[in-house]
Amino acid sequence: VVNTIARLAKTCTLRLTVSKLYFILSDKVANGGVSMWCELCQGNVFDEFQMEGVASEHNEIYLELVPENLSRALKTAQSAKAVKIKLTNKHCPCLRVSVELPSLSSSSRIVIHDIPVGVIPRRLWNEFREPSVPDFDVSIYLPVLKTMKSVVERMKNLSNSIVIEANLSGEMNLKIETDLVSVTTHFKDLGNPSWASEDGCQSSAEGRNLESMAEARIDIKKLQQLLAGQQVNPTKALCNIVSKRIVHFILLHEDVSLQYFIPALA
């Protein structure tokens, strides 16, 4: 998960609660930035977990960090006997990653990484709330991500932007159009999630012509980053398109969910 986040964001916010960990990137979509919301249950990551927030009614901690630093520290932990992560404050706030490595002798080898973090004050927490699912025109399951990734990587050499279009008949197209070339890759029989039955969520997809395409032109590098960052093949991957405004990706893998919002280009 951290490797994926490191490919998507130079800095991000780590929100810790009693039951969950969240990685948040909240560039303002309105200003052309992507935003991301990734959550995982701490019970599936840690054997022991203790935390104390600023107050009993606000039992949370928000940290700003460089995910690449955390990713590097955790790489040394791949063959570890145990890993401890602790928030410390020696000269500055740090996430201390202590990695206990197997040793031929009776004594263990312990490698320690101190990762500088910024503690985000309580007054700014509201900036890091879960983004709402946009009122989309079309919601569709994505094709196999490896296939989609290889298509997008080839198209990236031809243009800086890509058009994603889909309809409610399980069809999706990836299109590149420049003065010199026009390329379209067609995907069929992908299936469309039924949102209304799950949580009563209404969308502008209702009453829409099943064949008519909703489309958005987005930055191809931002899409490629998302596809290249996938270390695990999600059990479910879907995308919601708000015509000419935003593409919202949702990737689900066992106990991890990742949402990624890419705004449309004008």
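Rules used throughout
Residues numbered from 1 in each chain as written. Predicted model: local features only at pLDDT ≥ 70, side-chain atom pairs only at ≥ 80, totals over all residues. Heavy atoms only, no water. Helix = DSSP H or I, 4+ residues; strand = E, 2+ residues; numbered from the N terminus. Expected span 1.5 Å × (residues − 1). Buried < 20%, exposed > 50% of the residue type's maximum accessible area, 1.4 Å probe, protein only. Arc of directions from axis to C-beta. Contact = heavy atoms within 4.5 Å. pLDDT = per-residue confidence, 0-100. Phe/Tyr/Trp six-rings, centres within 6.5 Å; stacked < 30°, edge-to-face > 60°. Lys NZ or Arg CZ within 6 Å of the ring centre and 35° of its normal. Pairing = 2+ DSSP bridges. Axes fitted to C-alpha atoms, helices over the stretch in contact; angles between N-to-C directions.

1. Observations regarding helix H3 (residues 145-156)
Then, number 1: An ideal rise of 1.5 Å per residue puts 16 Å on twelve residues; H3 measures up with 16 Å between its terminal C-alpha atoms.
Then, number 2: The set of residues buried in H3 consists of Leu145, Met148, Val151, Val152 and Met155. The buried side chains of H3 occupy one side of the element, clustering within an arc of 125° when seen end-on. Opposite the buried face of H3, by more than 90 degrees, sit the exposed residues Lys146 and Arg154.
Then, number 3: Tucked inside the fold, the buried residues of H3 contact strand S10 (161-166), strand S11 (172-177), strand S12 (182-187), helix H5 (220-228), strand S14 (236-242) and strand S15 (246-253).

2. Thoughts on the confidence of the model for the chain
Then, number 1: When pLDDT is averaged along the chain, the result is 87; 92% of the residues meet or exceed 70.
Then, number 2: Confidence, expressed as mean pLDDT per element, reaches its minimum in the chain at helix H4 (residues 195-199) with 51 and its maximum at S10 with 96.
Then, number 3: Within the model, the stretch residues 197-202 combines pLDDT values under 50 with four contacts to residues more than four positions away or in other chains.

3. Some points on the packing of aromatic side chains
Then, number 1: Applying the stated criterion to the full structure yields four aromatic pairs.
Then, number 2: With a centroid separation of 5.2 Å and 50° between ring planes, the pair formed by tyrosine 22 and tryptophan 37 is classed as tilted. One end of the pair, tyrosine 22, is in strand S2 (residues 20-26); the other, tryptophan 37, is in strand S3 (residues 35-41), and 15 residues separate them in sequence.
Then, number 3: Given the relative accessible area of 1%, tryptophan 37 is considered buried.
Then, number 4: Both rings, one in phenylalanine 46 and one in phenylalanine 49, keep their centres 5.5 Å apart while their planes meet at 35°; by these two values the pair is tilted.
Then, number 5: By way of ring pairs, the aromatic residues Tyr62, Trp125 and Phe128 are connected into one cluster.
Then, number 6: Arginine 15 extends its terminal NZ or CZ atom over the ring of tyrosine 22, reaching a point 4.4 Å from the ring centre.

4. Section: the sheet that holds strand S16 (residues 256-263)
Then, number 1: Strand order across the open sheet formed by nine strands is S8-S4-S1-S2-S3-S16-S15-S14-S9, with antiparallel pairing between neighbours. Two strands close off the open sheet at either side, each with one partner strand: strand S8 (118-119) and strand S9 (138-141).
Then, number 2: Where strand S1 (residues 12-16) and strand S4 (residues 61-65) come together, five bridges link them in antiparallel fashion. Its bridge partner lying in S4, cysteine 12 is registered against leucine 65.
Then, number 3: Each of S15 and S16 is contacted by H5, which is oriented at about 170° to S16, the strand it contacts most.

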